[in-house]
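What follows is the residue order along each chain.
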Amino acid sequence: MSVAEADFTYISDLVGEKSAIRLRPEKNYLVEARLLPLVKDLGMASIGDLVVSLRLKKDRTLEAKVVEAMTTNETSWFRDNHPFEALKKGIIPELLQRNVVRHSIRIWSAASSTGQELLSIAMLLDTSFDLTGWKVDLFGTDLSSEVVAKARTGHYSGLEVNRGLPVTLLVRYFERAGRDYVANEALRSMVRFDQMNLIGPWTVRGPVDVVFLRNVLIYFDIDVKRRILEQLHSVIAPGGYLVLGASETTLGIVDCYEPVTLAGSLVHRKKER
Ligand SMILES: C[S@@+](CC[C@H](N)C(=O)[O-])C[C@H]1O[C@@H](n2cnc3c(N)ncnc32)[C@H](O)[C@@H]1O
C-alpha cells in the first residue's frame, strides 16, 4: 500500500509550508510510515481520511501534529565527535579570552531534537573547563513540541543512552529511572529548551557565540538555507562560530562565513561585513 498521489501532494505541501522540509515523491513510504500511527491514534481508517479532515477543518493543532510526525529526530550523544573536539580544543579556549570582559558564553543548539546535542555540550563544558563566575547560557530550540518536551524531561531509554554517552558521564550526570535514565538536576539546570521554527519568527536574540545547526539544513531548499544562514549571521557574535552537520556546508549558498579547521573539524567563523 502507498499514499495516493493527491494525498501525498497535500501532505508534502503542508509540511513544506509549515516547516520548509521538502518531501520528494520517493518519500511516499516515509509519509505512510510516519502518519499511520497518527491515523490510528486519531481513530481514523486511513491517510486518505486524515487528508479529508485536514482539508475540511484547517485545524492548526492537527496540522502541527502532521508536520511534527514528518520530522526526522535522529540524534545521539557527541554525534560525529569532531565538532565537540573543536569546541573543547579551539572554540571555548578562544572565547574564554575574547569574552573576558563580559564573562559570558552563549551556545545555541538550533535543531536540538531530544536534547542529546546540547546536553553533550553542557557535560563537555562542565568536565573540561572551570567556568566559575562565568554566565553560561546553553539553549536548544526545535520545531517539534514533542521533542522539546522530551528534552526538558532529560529522560532517556537504555538504547538512547547507549548511543555515544561515555559510561563515566552516565554515572556522573544520570540517575536510574526503572530501566531508563534521567539527567540529574545539576545537568538539567545547565540547559533550557524551547520550541522555535527556523522559518517562523525567531525568539532568539544575539549575540550568540556558537550555533550548532546540525543535520537540519539537509531537509531544506537552497533559498531557505540561505535565509536561515543569513539570519544566523545577524545573531552570531563578532568572531563567533557556526557548526554544521558532516554533510552540510555554507559553500555556494552564502559567503558571510569563513571555513576554518579547529582540532581536525571544519567549522564556520562569522565574517564581518
Ligand atoms: C536530524 S535532527 C538533528 C538533531 C541534532 N542537531 C543532531 O545533529 O543530532 C533534525 C531536527 O530538526 C528539526 N527541524 C526540522 N525542521 C525544522 C524547522 N523548520 N525549524 C526548527 N527545527 C526543525 C526536527 O524537528 C529535528 O528534531
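Residues numbered from 1 in each chain as written. Predicted model: local features only at pLDDT ≥ 70, side-chain atom pairs only at ≥ 80, totals over all residues. Heavy atoms only, no water.

Novice: Account for unusual backbone geometry, naming residues and giving values.
Specialist: Here the bond from Gly 206 into Pro 207 is cis, since omega is 0°, no more than 30 degrees from zero. Relative to the helices and strands, Pro 207 resides in the loop between β6 (191–195) and β7 (208–213). For His 103, which is not glycine, the phi torsion reads 50° and is therefore positive. Within the secondary structure, His 103 sits in the loop between α5 (82–98) and β1 (104–109). (Helix = DSSP H or I, 4+ residues; strand = E, 2+ residues; numbered from the N terminus.)

Novice: Quick one: what's the story with the sheet that holds strand β10 (residues 265–270), residue by residue and with numbers?
Specialist: Pairing in this open sheet of seven strands is mixed, and the strands run β6-β2-β1-β7-β8-β10-β9 from one edge to the other. Sheet topology places β6 and β9 (257–262) at the edges, where each strand pairs with a single neighbour. Across this sheet, the average inter-strand angle for adjacent strands is 25°, counted without regard to direction. Across the sheet, α5 lies against β1, β7, β8 (236–244), β9 and β10, angled at about 175° from β8, the strand it touches most. Strands in contact with helix α6 (residues 116–128) are β1, β2 (135–142), β6 and β7; relative to β2, the strand with the most contacts, it is inclined by about 165°. (Pairing = 2+ DSSP bridges. Axes fitted to C-alpha atoms, helices over the stretch in contact; angles between N-to-C directions. Contact = heavy atoms within 4.5 Å.)

Novice: Describe the pattern of salt bridges, listing the residues and the values that go with them.
Specialist: Counted according to the given criterion, the structure contains 20 salt bridges. A salt bridge links Arg 214 to Glu 117, with the nearest nitrogen and oxygen atoms 3.3 Å apart. Of this pair, Arg 214 sits in the loop between β7 and α11 (222–235) while Glu 117 sits in helix α6; the two residues are 97 residues apart in sequence, bridging distant segments of the chain. Arg 214 sits in the buried class, given a relative accessible area of 3%. Among the residues examined, Glu 117 registers a relative accessible area of 7% and is labelled buried. (Salt bridge = Lys/Arg side-chain N within 4 Å of Asp/Glu carboxyl O. Buried < 20%, exposed > 50% of the residue type's maximum accessible area, 1.4 Å probe, protein only.)

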